[in-house]
Amino acid sequence: MRQINVEAAHVPRAALDAWQEAGPRRAHRALADAFERLARDGQLRTGDGRRAARHM
């Protein structure tokens, strides 16, 4: 991720968006979904799985 941030000015916006969607955003959604499942099952107390995932 650090290298992408350093090179962001030299990479087309569409490529950065595709990378974000395939990597960080996808991982964030998966983590948020897992947190929400755990909360529904009573194994985690959180009011918002997506917000909890942002803190990881």
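Note that the structure is predicted; figures quoted are calculated from it, not measured.

**Observations concerning the overall build of the chain**
Here's step 1: Secondary structure assignment for the chain yields 4 helices and 0 strands.
Here's step 2: Ordered by position from the N terminus, the helices and strands of the chain form the series α-α-α-α.
Here's step 3: For 56 residues, the compact-globule estimate of 2.2 N^0.38 gives 10 Å, and the C-alpha radius of gyration of the chain, at 15 Å, exceeds that figure by more than 25%.
Here's step 4: Across its three principal axes, the chain shows a C-alpha extent of roughly 45 × 15 × 15 Å.
Here's step 5: Put simply, the chain has 56 residues, and 9% of those count as buried.

**Let's talk about the pattern of salt bridges**
Here's step 1: Evaluated as defined, the whole model comprises 4 salt bridges.
Here's step 2: Taking the shortest distance from any N to any O, the salt bridge between Glu-21 and Arg-29 comes out at 2.6 Å.
Here's step 3: Within the structure, one salt-bridge network assembled from shared partners comprises Glu-21, Arg-25 and Arg-29.

**Here's the deal with the confidence of the model for the chain**
Here's step 1: Taken as a whole, the chain shows an average pLDDT of 90; of its residues, 96% reach a score of 70 or greater.
Here's step 2: Averaged pLDDT values over the elements of the chain bottom out at 73 in helix α1 (residues 2-7) and peak at 95 in helix α3 (residues 24-40).

**Let's talk about the packing of helix α2 (residues 13-22) against α3**
The geometry of a pair of packed helices is captured by two quantities: the angle between their axes and the separation between those axes.
Here's step 1: Following both chains from N to C, one finds α2 and α3 inclined at 25 degrees, their axes separated by 3 Å at the closest point. On the basis of their axis angle, the class for α2 and α3 is roughly parallel. In this structure, α2 contributes Asp-17, Trp-19, Gln-20, Glu-21 and Ala-22 to the contact, and α3 contributes Pro-24, Arg-25, Arg-26 and Arg-29.
Here's step 2: Per-class residue counts for the contact of α2 with α3 are 3 nonpolar, 1 polar and 5 charged.

**Focus on α3**
Residues separated by three or four positions in an α-helix point in the same direction, a consequence of the helix having 3.6 residues per turn.
Here's step 1: Along its 17 residues, α3 runs 24 Å from first to last C-alpha, staying within 8% of the 24 Å computed at 1.5 Å per residue.
Here's step 2: Following α3 by one or two positions, Gly-42 has its phi on the positive side, about 80 degrees.

**Let's talk about the environment of His-28**
Here's step 1: Mapping His-28 onto the fold places it in helix α3.
Here's step 2: Put simply, His-28 and Leu-38 are 10 residues apart on the chain and 15 Å apart in space, counted from C-alpha to C-alpha.
Here's step 3: When near neighbours in sequence (up to four residues on either side) are disregarded, His-28 contacts Arg-50, Ala-53 and Arg-54.

The rules behind the values
- Residues numbered from 1 in each chain as written.
- Predicted model: local features only at pLDDT ≥ 70, side-chain atom pairs only at ≥ 80, totals over all residues.
- Heavy atoms only, no water.
- Helix = DSSP H or I, 4+ residues; strand = E, 2+ residues; numbered from the N terminus.
- Rg over C-alpha atoms; globule rule 2.2 N^0.38 Å.
- Buried < 20%, exposed > 50% of the residue type's maximum accessible area, 1.4 Å probe, protein only.
- Salt bridge = Lys/Arg side-chain N within 4 Å of Asp/Glu carboxyl O.
- pLDDT = per-residue confidence, 0-100.
- Axes fitted to C-alpha atoms, helices over the stretch in contact; angles between N-to-C directions.
- Parallel < 35°, antiparallel > 145°, perpendicular 65-115°, else oblique.
- Contact = heavy atoms within 4.5 Å.
- Nonpolar A, V, L, I, M, F, W, Y, C, P; charged D, E, K, R; others polar.
- Expected span 1.5 Å × (residues − 1).

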